[in-house]
Amino acid sequence: MKHIKLFEQFLNEIGDMSAGYYNVTGPLFDAGGRRYCKYKFETKSGLKYDVVFYDKRSDVEVWFETFGDDDKKVPMHTTTDKGELYKVMATTFGIINHYLTAKGAGVPYGMDPELTPKQIHSPDNNLMTINPTKEKKRRGRGYGKDIESDKRREKLYMTYLKKQGYKPKLAGDTIFIDLKKYM
């Protein structure tokens, strides 16, 4: 019975950000052009992550890039399996919260210092999208098509967003968040 209670506590902790955070650099405006805004952090294992916000004019798309010890980009469809999942997720979703709510996070373009990074970077968009990547089938030395049944990242992202008070909606393989509710 003791083990069941511990397991239930563990399941409830997923998405509550209790794993802690890595040190973050950002927001970095103009990191790749004016339509991009990035945050960066590095894990204890040496993996480097970029959380990228891209102004598509109709919405703000968010994606995550990973770089190995040699600064070579890790393909988005692979898992890193370094045992840092919950701290990486807490840091990533802390960054999303900062992007949407932190006032005075920087004064690029000579703008009002009381604006949030989202208001500076993409003031007219009221929709945020995240497209969780799927594992790919191994094909010889390379990779083939997506494994359509792979919903691990989708479920994990939805859990974190809901635990942080957002009301994400899922359509196909895309997560949508109506930002008007949080501005």
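The preceding data block contains the structure.
Cut-offs applied
- Residues numbered from 1 in each chain as written.
- Predicted model: local features only at pLDDT ≥ 70, side-chain atom pairs only at ≥ 80, totals over all residues.
- Heavy atoms only, no water.
- Helix = DSSP H or I, 4+ residues; strand = E, 2+ residues; numbered from the N terminus.
- Contact = heavy atoms within 4.5 Å.
- Salt bridge = Lys/Arg side-chain N within 4 Å of Asp/Glu carboxyl O.
- Buried < 20%, exposed > 50% of the residue type's maximum accessible area, 1.4 Å probe, protein only.
- Pairing = 2+ DSSP bridges.

Visitor: How should the environment of Arg 57 be read in this particular structure?
Guide: Mapping Arg 57 onto the fold places it in the loop between β3 (48-55) and β4 (60-67). Considered as a pair, Arg 57 and Asn 125 are 68 residues apart in the sequence and their alpha carbons are 6.7 Å apart. Ignoring any residue separated from it by four or fewer positions in sequence, one finds Arg 57 in contact with Arg 35 and Asn 125.

Visitor: Which parts of the structure should I look at to understand the pattern of salt bridges?
Guide: If the charged atoms of two oppositely charged side chains come close together, the side chains can form a pair. All chains considered together, the criterion is met by six salt bridges. A salt bridge links Lys 40 to Asp 50, with the nearest nitrogen and oxygen atoms 3.1 Å apart. With Lys 40 in strand β2 (residues 36-42) and Asp 50 in strand β3, this pair connects stretches of sequence that are ten residues apart. Asp 50 sits in the buried class, given a relative accessible area of 3%. Sharing partners across several salt bridges, the network here consists of Lys 38, Lys 40 and Asp 50.

Visitor: Even after reading the chapter, I still don't get the pairing of strand β1 (residues 24-29), so can you show me in this structure?
Guide: Each regular strand displays side chains that alternate between the two surfaces of the sheet. In the sheet, β1 pairs with β2 via four bridges, with the strands oriented antiparallel. Following the sheet pairing, Thr 25 is matched in β2 by Lys 40. Turn length for the β1-β2 hairpin, with the two strands adjacent in sequence and antiparallel, is six residues, and the turn residue Asp 30 shows positive phi of about 65 degrees.

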